[in-house]
Structure formats: structure tokens, C-alpha cells
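# Geometric and topological summary
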Amino acid sequence: MKTTYGLILSAFALIISFSSCSSDPLDLVTTVTEGDFTIALPSPPTTNGQMNLTAQFTTQNIFKGKSSKVLGYQSGSILGPTIVVNTGDVMSVNLQNNLTETTNIHWHGLVIPANMDGHPENVVQPGASFDYTFTVAQRAGMYWYHPHPDGHTAKQAYLGLAGAIIVRDAEENALNLPSGEFEVPLVIQDKRISTDYALDYSPTMNDVMTGYMGKYITVNGVYAPFKSVKTATYRFRVLNGSNGRIYNLGFSNGATFKVIGADGGLLTTSQTVSSLLLGPGERADILVDFSTYAVGTEVFLVNNLFSAGTSQGKQKFNITKFIVDTKVSDSFTLPTTLSAITPMAASSASRTRTFDISNMEMSGMGSMAMKGMHRINNKVYDKNRIDEVVAAGSTEIWVFDNSTGAEPHPMHIHGVQFQVLDRTGGRGSLIASEKGWKDTILLLPGEKVRVIMTFSNNKGLFMLHCHNLEHEDDGMMLQFEVQ
Ligand code: C2O
Ligand code: CU
Ligand code: CU
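The structure contained in this document is the topic of the report that follows.

Rules and cut-offs
Think of each chain on its own: its residues are numbered from 1, step by step along the sequence as written. Going through the entries in the order they are written, you letter the chains from A and number the ligands from 1. Under the rules for a predicted model, residues below a pLDDT of 70 receive no local features and side-chain atom pairs below 80 are neither given nor counted, while totals for whole chains, interfaces and linings still include all residues. Excluding hydrogens and water, the side-chain values take into account all heavy atoms of the structure. Counting from the N terminus, the helices are DSSP H or I runs at least four residues long and the strands are E runs at least two residues long. Relative accessibility under 20% of the residue-type maximum defines a buried residue, over 50% an exposed one, and the middle range a partly exposed one, all with a 1.4 Å probe and only protein chains included. Whenever Lys or Arg places a side-chain nitrogen within 4 Å of a carboxyl oxygen from Asp or Glu, that contact is recorded as a salt bridge. For Na, K and Ca the donor cut-off is 3.2 Å, while for other metals it is 2.8 Å, and in both cases only N, O and S atoms qualify; water is not among them, so sites may look incomplete. Here the aromatic set is Phe, Tyr and Trp, taking the six-membered ring for Trp, and pairing holds for ring centres within 6.5 Å; pairs whose planes are under 30 degrees apart are stacked, those over 60 apart are edge-to-face, and all others are tilted.

### Focus on unusual backbone geometry
Residue Tyr-197 is not a glycine yet carries a positive backbone phi of 75°. With respect to the helices and strands, Tyr-197 occurs in the loop between strand S11 (183–191) and helix H4 (205–210). Its relative accessible area of 22% is what places Tyr-197 among the partly exposed residues. Even without being a glycine, Asn-377 presents a positive backbone phi close to 50°. Take Asn-377: it is sitting in the loop between strand S23 (351–356) and strand S24 (388–390).

Dropping the structure here:
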């Protein structure tokens, strides 16, 4: 067993090398000759809120017939189980750390006590375990979980430690949205592999600048899957679980779809779109109507072109193939009103804080202590510094300002769900998925966004960071204390 572990460890190349700037355009997606769209889309197993997760070295067939070395929360799987709970449930999760370095779990989007939130210093040592116990006190939505140890979040999440959380509540249940086989989670992640198909995490300086992007787009842990569907409406719960890649989701035939929800649950009403931009960490709840398709039709979920700085959006590629294979009669109709969301008035905020995320500090480049190219208010994350102090229960406006920035940044706040007041510069308006509760908001170059939120009464330290995970580990993260 020891020997196997040693081999696996060396294959992972856990030591980050900044030695060379890559000229290989790794942001460009490519296809493998055999195996494209021949693996059936799996869904991770579901569990209730009481379970054990074991962070471990394991393997999974990401590519057809090829075993890839990955990290997992369960044996034989790159993604953890999908946790399905109801509002009010107590979650009790035992994390056993069988890695050779510290790890922890952050419950992305859940509003829970600070000591359960996976603060980067609140880690579990190798061989040790920790019980996460808290009550899910918020509305229905898709949230997710992943490690958050300082400087190692990107690598651990990328190598396979992540999973989805679906929270249900009475308001949503009453809508009778597509369920069972018609409700499908889609966790989209891009990967690089080494020659033996092991996942490869070895960011160069250039990767830290752009975010670590891979040539192979995986969904629910497998590369280029297909899914057989019936002539009915499907509810896809999409999570962009990629480290750095943004997707502009659409369909190969240009078909429209309905956006019904975002990070923090359902919108007030659906919005019909033909493409939707989803940044790392963001979720989208979409309805896709296959009812008018002839049996035998094939249509791809694709990434459409988009404009977001120099490193992304310049290539159209397929993500998942849907094959319409069964005729059924579908009587689904979507209610006009989905959810009650009271818009928060800017005037209700007691304070406005501005976070400049345009900074690009090149002075550290080339040195081995490579941290701090990406900053917030010109600061690099320091565990010994509390950057902001917020009163429990207070309402504030936070401004993310990427006006002079050249890179996209998906900004994420822990411990709270916010509403987006407005976007100025760049796209100049809000997209469909930004008109509900959010915890992560994408800023393209030139954009400034105002978000408004009421902090909970959970006191303690929470994080604010870019969810491009290379940027986060590079230090594009601050901490705030709720007092
Ligand atoms: Cu999903 Cu602090 O992150
Ligand atoms: Cu989070
Ligand atoms: Cu960033």
C-alpha cells in the first residue's frame, strides 16, 4: 500500500512549479480521438445531511476505459456525493483527512457559523478528522462544498474534492418543477491530464495569471458525456466547478432555455435566453424543453464565444451531447411566479465599502515567493490581518471595482447571500441569473458591480475572495469579522 501511495504522490506532482511560461494554448479545448460523447453522464450518488466524507487518493474513469488518479471524498469518485437536504435540517458531516497535507471543507453559499465555514486556518491535519455540524437555515437552492486551506484550495478542488448541495423548501416544492430523472445536476469542470491520464495540476506563472484551464471539459466527473433524454422539460442544476474557466452556456442548435434560478435559489420569474455566462463558483438553474424534438435528435450543450479579456471565450466547443430517445407526453407548465424576493433598496444600507480588484502587481514575478500578483485594495491575503469589521445584522453595499482591470474576476463572499444592485462599465447591465440571490458575481474587465446584503448574526471570521482559484491562492482574498 505504501508503495502505491508513493507512486500516486509523485504522479500528482504536488510541488507547484513556476519555472516556465507556457506557450501551449492550454485554454483551448481539444478532443480525444476516441471516446468523445460515448460515456453516459453519471450523476453523483445523493445523500442526506448525515454522512462521512474521506478526503483521499483514489481513481476514476474520467476518460472511457482509462483510470485517472484523482482526489475524492469517497473511493472511486472524483466528486463527492450530492447532499440533498431540506431547509431546517441539521447537517452533520465527519471529514476524515487521508491526504498528506491539511484540508477542510467550506460550504459555499450556506449561511452558517464561522467555526463551521472552513476558514483557511481552520484545517484538519493529515490523519485527523473533524465534525461539521450546523443547521441549514436558508432557502432552496444549489450550493456546493470544497476545500479551503490557505494556498491549497485550487489544487485540492481541481484534483477532485468538490460536491453539490441541493437544499429544498416548501415554496419550491409547491411549484412541481421537473424532478426525479428530469432534474439533473451538471457540474462542469475543465481538466488537464498527464500521459498516464492522472489529473495534472502544475500551474505555471501564466496559469496563475489566467486561472488553470484544461483542454478536457468534464461533466459530473467524466469527459465529454452524453445523456439520453425524453421529449420533456428537464431541470438542469448547473455548477461551474472549474478553477478559472468561464462558460457561455447555450445549445448547438441555438435553442433557447429558461433561467429559473441562480446561486441562492429561484428567481421571482423565469427569463428566456439563448446563452448564459457562468463564472467559476456560480450556479444556474435552467429549464430545457426537449418536448418538440423528434426522437433521434442530437443536440449539444455548448460553450459559445464571449468577450472577457484576452485569455477566454475565443473558442466554441461542445460540453455534453443530449440524445432524444423516448417519446413521452409532457404536460409541464412553469408557474409565472417562482419565488418571493423582496428587492433590497440601496437606501437601506448603513455603509458602503469599495473593493478595488483591478490591481495587477507584477513586482513579485520571477521570484520563488510568488504570491500577490492579484490583490484586493492592493492587499494580499494575510491570516493575521482582519480587513473589514462588519456589525452582525447590518445591511451594507459592497462595490467590486474592476474598472481598470484586464482580467475577469468572479468575486465571492462567505457567510451571506446578496442581491446585485447594478453593473456599470463593460456589459453595463445584469444578466438573467443575476436577478436573484447570489454569493458569487462575475466581473469582466472594465466592470463595476454593487451588491447589497444583510449580514447574519453568525459572528466571527469570514472570507471574501476571487473564485478564480488560482487568484484566490495567489492571495486575492481578504477576511472580514462579523461582530
Ligand atoms: Cu467556493 Cu471561499 O469559496
Ligand atoms: Cu464560499
Ligand atoms: Cu480573480
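### Considering the pattern of salt bridges
Evaluated as defined, the whole model comprises 27 salt bridges. Lys-438 is the salt-bridge partner of Glu-282, the closest N and O atoms lying 2.6 Å from each other. Highlighted residues: Glu-282 in the loop between strand S19 (276–278) and strand S20 (283–289) and Lys-438 in the loop between strand S27 (419–424) and strand S28 (440–443), separated in sequence by 156 residues. A relative accessible area of 0% places Lys-438 in the buried class. Look at the salt bridges and you will find they share partners, linking Arg-168, Glu-172, Glu-183, Arg-235, Arg-237 and Asp-285 into a network.

### Notes on the coordination of the copper ion (ligand 3)
Within the protein, His-409 (ND1), Cys-466 (SG) and His-471 (ND1) serve as the donor atoms for the copper ion (ligand 3), at 2.0 to 2.1 Å. Read in sequence order, the donor residues coordinating the copper ion (ligand 3) give the pattern H-x56-C-x4-H. Of this pair, His-409 sits in strand S26 (residues 409–413) while His-471 is found in helix H5 (residues 469–473), placing the two residues 62 residues apart along the sequence. Judged by relative accessible area, His-409 falls into the buried class, the value being 3%. For His-471, a relative accessible area of 1% corresponds to the buried category.

### Quick word on the packing of aromatic side chains
Going through the model one piece at a time under the given rule, you end up with 29 aromatic pairs. Measuring from centroid to centroid gives 5.1 Å for Tyr-158 and Tyr-212, while their planes differ by 90°, and the two rings are edge-to-face. Of this pair, Tyr-158 sits in helix H2 (residues 153–159) while Tyr-212 sits in the loop between H4 and strand S12 (216–219), and the two are 54 residues apart along the sequence. Accessibility classification places Tyr-158 together with Tyr-212 in one group, the buried group. Ring plane angle 45° and centroid distance 5.1 Å describe the contact between Phe-236 and Phe-322, whose orientation is recorded as tilted. One end of the pair, Phe-236, is in strand S15 (residues 233–240); the other, Phe-322, is in strand S22 (residues 317–326), with 86 residues separating them in the sequence.

### Points about the coordination of the copper ion (ligand 2)
Within the first shell, the copper ion (ligand 2) binds the protein through His-106 (NE2) and His-412 (NE2), at distances of 1.8 Å. Residue His-106 is located in strand S7 (residues 106–108), and its partner His-412 is located in strand S26; the two are separated by 306 residues in the primary sequence. Assessed through its relative accessible area of 0%, His-412 is described here as buried.

The values are spatial; any link to function lies outside them.
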